[in-house]
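Examining the three-dimensional arrangement
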Amino acid sequence: MVSLKLQKRLAADVLKCGQRKIWLDPNEINEISLANSRRNIARLHRDGLIIKKPTVVHSRARVTLRNEAKRKGRHTGYGKRRGTANARLPFKVIWMRRIRVLRRLLKKMRDAKKIDKHIYHSLYMLSKGNQFKNKRVLLETIHDKKREMAQEKALIEQAEARKSRARARLERKAAKEAAKSSVESTD
C-alpha cells in the first residue's frame, strides 16, 4: 500500500478545501502515487481520479418544525425553562411596551382635540405612576373624565341660567316698584 499523504495534501491545496474532502480513486492508486506536483494533481482532478467531496448537508428542517411548534406554545413548560421569568422577558421591556402604548394613545387623543391639555397632563402622570394596566382601562378613565367635565359644564350653565333668571326677576320687581312709586308720587 503506497502512502498518498503528499498527494492528498497537494490536492487539498489545489482544490482549496480540507484534506477530509479529498477523494482519491482506490483503483488508480499507482497512477496517483506518481503525481508529485500541483500541476499533475490538477490534471488528475480534470481526469476524475481526484474529486472534491460535496459538503455534508446540515439540515435545519427539524429546527424550523420545532420553532413552529414553540410559536404555538409547545415545549415551553416549566421543565424547559432555564432562565428566570425576568431573564426570559424582562419586566422593563414589558413596562416600556405598555407605557409607549398609553402615551401614544394620549398624544393621539390630545392632537385630535378629544382631550384638553389639562386632562392629558393628569392622565400622563397617572400612567407614569402605573395607574393603568392597559389601553382599555385608560380609555375608560378618559371617558369618565370627559363625562364628569360635561356634567360640571352643564351644572355651571344651569346655575348661570338660574342666576340670570333671578337677576331678571329682581329687575322686573324693581321696575314695578319704581313705576308704582312714580304713580303714587303723581297722585
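This write-up is about the structure you can find in this document.

Conventions and cut-offs
Residues numbered from 1 in each chain as written. Predicted model: local features only at pLDDT ≥ 70, side-chain atom pairs only at ≥ 80, totals over all residues. Heavy atoms only, no water. Salt bridge = Lys/Arg side-chain N within 4 Å of Asp/Glu carboxyl O. Helix = DSSP H or I, 4+ residues; strand = E, 2+ residues; numbered from the N terminus. Buried < 20%, exposed > 50% of the residue type's maximum accessible area, 1.4 Å probe, protein only. Core = buried A, V, L, I, M, F, W, Y, C linked by side-chain atoms within 4.5 Å. Contact = heavy atoms within 4.5 Å. Expected span 1.5 Å × (residues − 1). Arc of directions from axis to C-beta.

With that out of the way, let us pick up the pattern of salt bridges. Side chains carrying opposite charge are able to pair once their charged atoms draw close together. Under the counting rule described, the total for this entry stands at 6 salt bridges. Salt-bridge contacts for E140 lead to R136; the nearest nitrogen and oxygen are separated by 3.1 Å. Of this pair, E140 and R136 both sit in helix 8 (residues 135-186), separated by 4 residues, roughly a single helical turn. Given the relative accessible area of 48%, R136 is considered partly exposed. Two residues, D144 and R147, come together in a salt bridge whose shortest N-O distance is 3.0 Å. With D144 and R147 both in helix 8, this residue pair falls 3 residues apart, about one helical turn.

Inside soluble globular proteins, nonpolar side chains tend to come together where they are buried. Ranked by size, the top nonpolar core spans 14 residues in total, and within it I22, L24, I32, I41, L44 and I50 carry the most contacts. Of all the elements in the fold, those that place two or more residues in this core are helix 1 (5-14), strand 1 (22-24), helix 2 (29-34) and helix 3 (38-47). The greatest single-element share of this core, amounting to 3 residues, is contributed by helix 1. Filtering out sequence-adjacent residues up to four positions away, L44 remains in contact with E31, I32, A35, L49 and I50.

Time to look at helix 7 (residues 117-128). Helix length check: helix 7, at 12 residues, gives a terminal C-alpha distance of 16 Å against a target of 16 Å (1.5 Å per residue), a fit within 8%. When we look at burial in helix 7, the residues that qualify are I119, Y120, L123 and S127. The buried side chains of helix 7 occupy one side of the element, clustering within an arc of 100° when seen end-on. Within helix 7, the exposed residues directed more than 90 degrees away from the buried face are K117 and H118. Turning to helix 7, the residues buried within the fold contact helix 6 (91-111) and helix 8. Two residues or fewer after helix 7 comes N130, characterised by a positive phi angle close to 65°.

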